[in-house]
Amino acid sequence: MAHKPVTIAFDVMGSDHGPAEIVRGAAQLSLESPHIHALLVGDRAVIDDALAQARHSGERISVQHASTFIAMDEKPGEALAKKPDASVSVAARLVAEGEADALVSAGHTGACVLACARHFQLLPGVRRAALAAVYPTRIRRGEKEDPFSLILDVGATVEATADDLVTFAVMGAAYARIISRNEQPKVALLSNGTEPTKGPRHVVEAHARLGGLPGMRFIGNVEGVDIPKGTADVVVTDGYVGNVCLKMLEGVHETVVELAQYAHKESLRWRAGLAMLSGGIQRIKDITDWEQYGGAPVLGFDRIFIKAHGRSQARAIANAGKVAAKAAANELGKTIQQGLAR
Amino acid sequence: MSLPDRIDPPPPRRIYRWDLDKTYLQTEFDSFRDLLRTAFQKAHEKQAVPGASALIRELASAGDSRLCIVSGSPRQLRSVLEEKLKLDGVVWDEFVLKDNVGNLMRGRFRALRGQVGYKLPAILESRALAPVEAEEVLFGDDAEADAFIYSLYADMIAGRVDERVLGQILEQAAVYPDEAQRVLTAWKKIPVSDPVRRIFIHLDRLTPPAHFADYGPRVVPIFNYFQAALVLLADGHLTAPQVIKIAVEMVQTAGHNIITLSNSFQDLLRRGLPLQQAAAALVQALEGPNALLQALRPMPDILSAFTKRLAALGTQPPPPTVRAVDYLGLLHHALPRTHKGRKVAPPT
């Protein structure tokens, strides 16, 4: 099937692994997806050095020099004001001007979101953008059998209103439809009980409104225990709770790995047991491998922004580029707008 | 060409030497199956690399050049290969193919995969018959040892390679004694001159360009023939309208578009090739009234794409440094790709 050509702007600077890893990811993407063009934004000399060492297609990569970047320890607002030529700002501007169709960055999340807010427009009906995150679940979903669910917001809007929660639900459902090819994603509100009356006032109000929203497969409230089970394909909450949930999920994963390492060292019998379970452990590892998903979207802007994990390596960056390209080719913004208009 | 010219043609001013597989033809021979398919393909089934035939035709259009092809394909494929070249409108002056059956019958198995012992004497013998003032441009690919062989050839005829070093190279590249003798005999017949202007390496395997940095700026790795055309425009071998004709063929036949062409242009700029004047000439040619250019319309998009890619870089990168080639250090490049001593590019 012929794909529509798409250009993805990569903010090359600011990743935990340095610019070379982002360049390698874009280089990998240029070999794997002929319809995707990468626009690498950052220090030209650094990018050129990294590109010269990597297998890539020179026909599908271009470079935009940006003299500086925002470091992880800088305050986003101040840093963006002080550094108008920072790579993330330049990249967001290029996307806003139509030079590229989407932005991928593994840099400072706050600076990225702020740069997008300055250059992109919020969609009509969206008051606040939402940072979504994918997390591994037991069940698979959609045409692609994705072992991930989407949770939003995970930090962009700390105190969400009922209106915001409804908007997040529409945006999350549109994203799941496009990226996971899940035509009727199950959407749920996160609360402290499944009954419609459970939870703070804004959650109760959002529940009432989502229940009557046409085209939405709203399954009601879910509890924390349902998150890893994958009861819902899209879990909607405010940024404060979402962020706490996400960090806890990451903590559980890390603790399980540490416990397995402890068990491996502790006794021969435990080691033998772990060896027997190695197939299952590998499966869990595959499912929880966030690198295969690439990145998480910031939803609500008229342009697409995929936030890659700061620890992303080449494969995750290439996958983030593919996710961004798919969202751009399927006009994610327009789909969200249509959902909001209902 | 006038009647006297046909009877006694003037000596060539330029010689273009081409490899065939993966340089002119999109050939796959990585597996036995690929080899078989290639062997039984008919002329019309063979695909040329986009822009290659247009480039050859444009280079030949001045009528003062020679096209010499030295290919590793077996002699048994001559008729089908010649038919393919004729179908593409390519006229050649020399066409050398490898005697693989002869090598097999004589038990010369190293010669089946080895390129140094085959190509180096063939191009030296061809040069021995060429006028001393004829400039050369060579075209190869990254699948075998073209960058090594062509650079060695250029430096040998320019007197920059020591006979002792050459002896070591031929020995370590496992060249048979009779082939080594042919190399020495042909080399001694060639007057010292420095005619090789460029060596283009088509990155069929997408080998990282830095892999060729040790050969200096004379070797230019290219992702497509639009890039070769741009460099040849800057070097004075082509005019801007000719480069546009090549781009048009690539757009019409191979799905290239304004993004791939402008990215290709910027890729060369980033590698320090001085192409600003070539870009200006292209812009001027694009502004002229030429029906052919309709294929590349809309014009403002083309001009702005090139201008943007140029401006995006900020200051122009410095040109790559000229250096003496350490052939003994690069000997692993001379070995067949499947040889265990050949270093491969790290996976990315």
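Please refer to the structure placed before this passage.
Residues numbered from 1 in each chain as written. Chains lettered and ligands numbered in written order. Predicted model: local features only at pLDDT ≥ 70, side-chain atom pairs only at ≥ 80, totals over all residues. Heavy atoms only, no water.

A. Up close: the sheet that holds strand β8 (residues 217-222) of chain A. Residues and elements named next belong to chain A. Taken together, 11 strands build an open sheet; the order of strands is β3-β2-β1-β4-β11-β10-β5-β6-β9-β7-β8 and the sheet is mixed. Every other strand in the sheet has two partners, leaving β3 (61-65) and β8 as the edge strands with one partner each. This sheet shows a mean twist of 30° between the axes of neighbouring strands, independent of strand direction. Note: strand β7 (residues 186-190) against β8, four bridges, orientation parallel. Paired with K186 across the two strands is R217, which belongs to β8. Along the sheet, helix α2 (residues 44-53) contacts β2 (36-42) and β3; its crossing angle with β3, the most-contacted strand, is approximately 155°. (Pairing = 2+ DSSP bridges. Helix = DSSP H or I, 4+ residues; strand = E, 2+ residues; numbered from the N terminus. Axes fitted to C-alpha atoms, helices over the stretch in contact; angles between N-to-C directions. Contact = heavy atoms within 4.5 Å.)

B. The packing of helix α7 (residues 116-128) of chain B against helix α10 (residues 177-189) of chain B, seen in detail. Residues and elements named next belong to chain B. For the pair α7 and α10, interaxial distance at closest approach is 8 Å and the crossing angle is 25°. When the axes of α7 and α10 are compared, the pair comes out roughly parallel. Taken as a pair, α7 and α10 cross one another with a handedness that is left-handed. Contacts from G117, L120, P121, A122, L124, E125 and A128 of α7 reach α10 at E179, R182, V183, A186 and K189. Its residues assigned to classes, the contact of α7 with α10 comprises seven nonpolar, one polar and four charged. (Parallel < 35°, antiparallel > 145°, perpendicular 65-115°, else oblique. Left-handed = near helix turned anticlockwise from the far one by under 90°. Nonpolar A, V, L, I, M, F, W, Y, C, P; charged D, E, K, R; others polar.)

C. Geometry of the packing of aromatic side chains. Residues and elements named next belong to chain B. Evaluated as defined, the whole model comprises 10 aromatic pairs over all chains. Arranged with centres 6.4 Å apart and planes meeting at 80°, the rings of W18 and Y24 form a pair that is edge-to-face. Ring centres 5.3 Å apart and planes at 25° place the aromatic pair F139 and F200 in the stacked group. Of this pair, F139 sits in strand β4 (residues 135-141) while F200 sits in strand β5 (residues 196-202), placing them 61 residues apart in sequence. In this structure an aromatic cluster arises from ring pairing among W18, Y24, F139, F200 and Y225. Over the ring of F95 we find R78; its NZ or CZ atom is 5.2 Å from the centre of that ring. (Phe/Tyr/Trp six-rings, centres within 6.5 Å; stacked < 30°, edge-to-face > 60°. Lys NZ or Arg CZ within 6 Å of the ring centre and 35° of its normal.)

D. Region of interest: the interface of chain A and chain B. At the interface, 22 residues of chain A touch 25 residues of chain B. Both faces considered, chain A and chain B share a buried interface measuring about 2100 Å² in area, 50% of it formed by carbon and sulfur atoms. Area buried by chain A at its contact with chain B is led by R44, R55 and E59 of chain A, which between them contribute 32% of it. Viewed at the interface, chain B and chain A are joined by two salt bridges. Linking chain A with chain B are 10 residue pairs in polar contact (both at pLDDT 80 or more), by the criterion used here. For the side of chain A that touches chain B, the secondary structure elements donating two or more residues are α1 (19-32), α2 and β3 of chain A. Considered class by class, the residues forming the side of chain A that touches chain B number six nonpolar, nine polar and seven charged. (Buried area = accessible area lost by both parts, 1.4 Å probe. Salt bridge = Lys/Arg side-chain N within 4 Å of Asp/Glu carboxyl O. Polar contact = N/O pair within 3.5 Å; in protein donor to acceptor, adjacent residues only side chain to side chain.)

E. Layout of the pairing of β7 of chain A. Residues and elements named next belong to chain A. Of all five residues that make up β7, four are buried, and the element is covered over most of its length. Between β7 and its parallel partner β8, the chain crosses via helix α7 (residues 201-211), and the hand of that crossover is right-handed. Relative to strand β9 (residues 234-236), β7 runs parallel, the two sharing three bridges. The partner of V187 across the bridge, within β9, is V234. (Buried < 20%, exposed > 50% of the residue type's maximum accessible area, 1.4 Å probe, protein only. Right-handed = clockwise from strand over helix to strand, strands pointing away.)

F. Looking closely at helix α5 (residues 109-119) of chain A. Residues A111, C112, V113, A115 and C116 of chain A constitute the buried set of α5 of chain A. Structurally, α5 of chain A contributes buried residues whose contacts are with α3 (76-82), α4 (87-96), β4 (102-105), β10 (295-299) and β11 (304-308) of chain A.

G. Quick look at the packing of helix α9 (residues 163-172) of chain B against α10 of chain B. All names here are of chain B. The interhelical angle for the contact between α9 and α10, taken along N-to-C directions, is 150°, at an axis separation of 11 Å. The orientation of α9 with respect to α10, classified from their angle, is roughly antiparallel. Read as a crossing pair, α9 and α10 show a hand that is right-handed. Touching E163, L166 and L170 of α9 are A180, V183, L184, W187 and K188, all from α10. Per-class residue counts for the contact of α9 with α10 are six nonpolar, no polar and two charged.

H. How the structure looks around the pattern of salt bridges. Taken as a whole, this structure holds 36 salt bridges over all chains when the rule is applied. Among the charged side chains, a network of salt bridges with common partners joins R44 and D48 of chain A together with D267, R270 and R271 of chain B.

I. Up close: unusual backbone geometry. In the segment running from L152 of chain A into D153 of chain A, the intervening peptide bond is cis, with an omega of 5°. Its place among the elements puts D153 of chain A in the loop between β6 (146-152) and α6 (162-179). Despite not being glycine, R181 of chain A shows a phi value in the positive range, around 50°. With respect to the helices and strands, R181 of chain A occurs in the loop between α6 and β7. The residue L206 of chain B is not glycine, and still its phi comes out positive at about 55°. Inspection of the secondary structure puts L206 of chain B in the loop between β5 and β6 (219-222).

J. Expanded view of the side chain of D146 of chain B. Residues and elements named next belong to chain B. Looking at the element boundaries, D146 is found in helix α8 (residues 146-157). Exposure remark for D146: the relative accessible area of 1% places this residue in the buried category. A distance of 2.9 Å separates the side chain of D146 from the backbone nitrogen of D141, its partner in a polar contact. Every residue in contact with D146, bar those within four places of it in the chain, is listed here: D19, T23, K119, G140, D141, S151 and I201.

K. Representation of helix α11 (residues 225-234) of chain B. All names here are of chain B. The buried fraction of α11 is high, at nine of 10 residues. The backbone nitrogen of F226 lies 3.2 Å from a side-chain oxygen of the residue at the head of α11, namely N224. The first or second residue beyond α11 is G236, which carries a positive phi of 85°.

Remember that the coordinates give geometry; whether it matters functionally is a separate question.
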